[in-house]
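# Examination of the molecular architecture
One letter stands for each residue in the lines below.
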Amino acid sequence: MGFFDFLKSKPEEKNKVIARNPLNLQVEDIVEYDLVEYKVIGKLIYEEGGYIWYDYHLFDGQEHLWLGAEDDDELEIGLYKKLDVNHQLYVQLQDEIPRKLTYEGKDYTLIESGNANIRAEGRVGAKTGQRVQYWDYEANDGSEISVEKWGNELEISIGQEVKESLLEYYPGAKSGE
Amino acid sequence: MGIFDRIKTVMSGKANEAIDKWEDKNIEVVVKEEIRKMKDEYRQAKSAVNKSITLVKEVEAKRNEAKEEMEHWNERAKQALEANKEDLARKALEKKQEAEKNYSKYKEQAEARRKTADLHKRKLEELKEKIEEAEDKQDELIAEAENAKATTEINETLNGLGNYSAADDLDRLSSKVDKMKARAEASNELYDELEKDDLEAEFEKLNDNDSVDDELAKLKAEMGKEDSNK
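The notes below deal with the structure included here.

What counts, and at which threshold
- Residue positions are given per chain, counted from 1 along the sequence in the order it is written.
- Think of it this way: whatever chain is written first is A, whatever ligand is written first is 1, and the rest follow in order.
- In view of the model being predicted, local features appear only for residues whose pLDDT reaches at least 70, and side-chain atom pairs are presented and counted only at 80 or more, with totals across whole chains, interfaces and linings using the full set of residues.
- In computing side-chain values, all of the structure's heavy atoms are included and hydrogens and water are not.
- For helices the rule is a DSSP run of H or I covering at least 4 residues; for strands it is a run of E covering at least 2, with both sets numbered from the N terminus onward.
- Using a 1.4 Å probe on the protein chains alone, a residue whose accessible area is under 20% of its type maximum counts as buried, one over 50% counts as exposed, and one in between counts as partly exposed.
- Only when DSSP finds a minimum of two bridges between them are two strands counted as paired.
- Contacts are assigned to residue pairs with any non-hydrogen atoms lying within 4.5 Å of each other.
- The buried area of a pairing is the accessible area, by a 1.4 Å probe, that goes missing from both parts when the two are put together, added over both.
- Salt-bridge detection follows one rule: a side-chain nitrogen of Lys or Arg within 4 Å of a carboxyl oxygen of Asp or Glu.

### Brief notes about the environment of Ala145 of chain B
Residue and element names in this part refer to chain B. Its location among the elements puts Ala145 in helix α5 (residues 138–158). Owing to a relative accessible area of 1%, Ala145 belongs among the buried residues under this scheme. The spatial distance from the C-alpha of Ala145 to the C-alpha of Glu28 is 8.6 Å, given a sequence separation of 117 residues.

What follows is the structure, encoded as structure tokens:
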């Protein structure tokens, strides 16, 4: 049976598949970036003063990544990797959050901070109703450092801005919003 | 009839036929509806590709697990030999071989499933290209169909198939002009008559004035007064 025969042989589905974009991805969707396919295994929805943004937990079978997306005048997308907990930056940021910091020879400036309410889906290591404190740093070349404080625990991620045209989405079983 | 066949029908100049089939439907609505349906199918197909990639990932996870197991038992066999426990080493190697069999099986399955997933992705890409092509040609399709519709209407007019004819209007207009001309001529005659009447009245009036003067002179003479008009 050919691919399209397979499609057509299926009975009409109740819920039509909704086209995906970085603001409506669902757990079980597949995101392809730079020819690597990642499964969305978790989703965090941040809310602060009516403003909403998203972090998706991606896993390709070996590597864990986080895809951040927010619609702030224009769509901003970043791909992040959690920094190893033994990195000295954890010690440095534990007591004080500076305006500027250096990581791997690059200077970063604090560009945004605040407190957000969390809604959690899938594997994210957080629960709906939790609050998180966050600080976003940016370097001149678009590199980003995201610092989050969950209770007393710090989480640092290193990221890079991503062009939406390089992302491809394959919707999973969940219908989407 | 497939989506593309239907759109191609319009493109290949069979617009009239297509319009007949779709009756009174606006061709623009029809073309846009077809593209929308194609996009629905595309999203559905993407969801199917998600399934084929998921199948690859599942078997890849099993393959990686089997590989770790192989390495684990190989390490254990080495440790047993180092401790001069050959029986234990043999058991560890048996476990390793079991894991190796699984590894080969899952590796083969992963490769086959990857081929299928890649094929599905290629098909999806083809579908995407077709949609883009249809969207690019959307205006052209609509214009061609509208043109065909207009041509049909013009032909019907020229063949006198309709009840209305532009020639009737020309006739009507011409007779209207004739009537206007006739009316204008009639009004000219009337004006001439009126003008004649006016002149006569003037002359009559003039005659009336003469008789008054005569009478005045006569009266003056009678009264011994000199006539000032003389």
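Right, picking up where we left off after that structure.
### Quick word on unusual backbone geometry
Backbone geometry places Leu35 of chain A, a non-glycine residue, at a positive phi of 70 degrees. Tracing the backbone shows Leu35 of chain A in the loop between β1 (30–33) and β2 (36–48). Its relative accessible area of 76% is what places Leu35 of chain A among the exposed residues. Of note in this structure, Asn84 of chain B is not a glycine but carries a positive phi near 60 degrees.

### Some thoughts on the pairing of strand β3 (residues 51–59) of chain A
All names here are of chain A. Where β2 lies against β3, 9 bridges are found, and the strand directions are antiparallel. Bridge pairing in β3 places Glu48 opposite Tyr51. As defined by bridge partners, β3 adjoins strand β4 (residues 64–72) across 7 bridges and the pair is classed as antiparallel. Pairing of Tyr54 across the sheet is with Ala69, part of β4.

### Description of the side chain of Thr54 of chain B
Position of Thr54 of chain B relative to the elements: it lies in helix α3 (residues 27–82). Relative accessible area serves as the criterion here: at 16%, Thr54 of chain B is assigned to the buried category.

### Thoughts on the interface of chain B and chain A
Contacts between chain B and chain A engage 23 residues on the former and 23 residues on the latter. In this assembly, chain B packs against chain A so that about 2000 Å² is buried in total across both faces, 55% of it on carbon and sulfur atoms. The interface formed by chain B and chain A includes 4 salt bridges. The salt bridge involving Glu37 of chain A is made with Arg114 of chain B; its shortest N-O contact spans 2.6 Å. Those elements that provide at least two residues to the side of chain B that touches chain A are α3 and α4 (86–136) of chain B. It is α3 of chain B that provides the largest number of residues to the side of chain B that touches chain A, a total of 16 residues.

### Structural notes on the pattern of salt bridges
Residues and elements named next belong to chain A. The tally for this structure, following the rule as stated, stands at 17 salt bridges over all chains. The salt bridge involving Asp29 is made with Arg20; its shortest N-O contact spans 2.6 Å. Pair check on accessibility: Asp29 and Arg20 agree, each one buried. As a salt-bridge pair, Glu63 and Lys81 come within 2.9 Å of each other at their nearest N and O atoms. Remark: Lys81 occurs in strand β5 (residues 74–82) and Glu63 occurs in the loop between β3 and β4; sequence separation between them is 18 residues.

The values are spatial; any link to function lies outside them.
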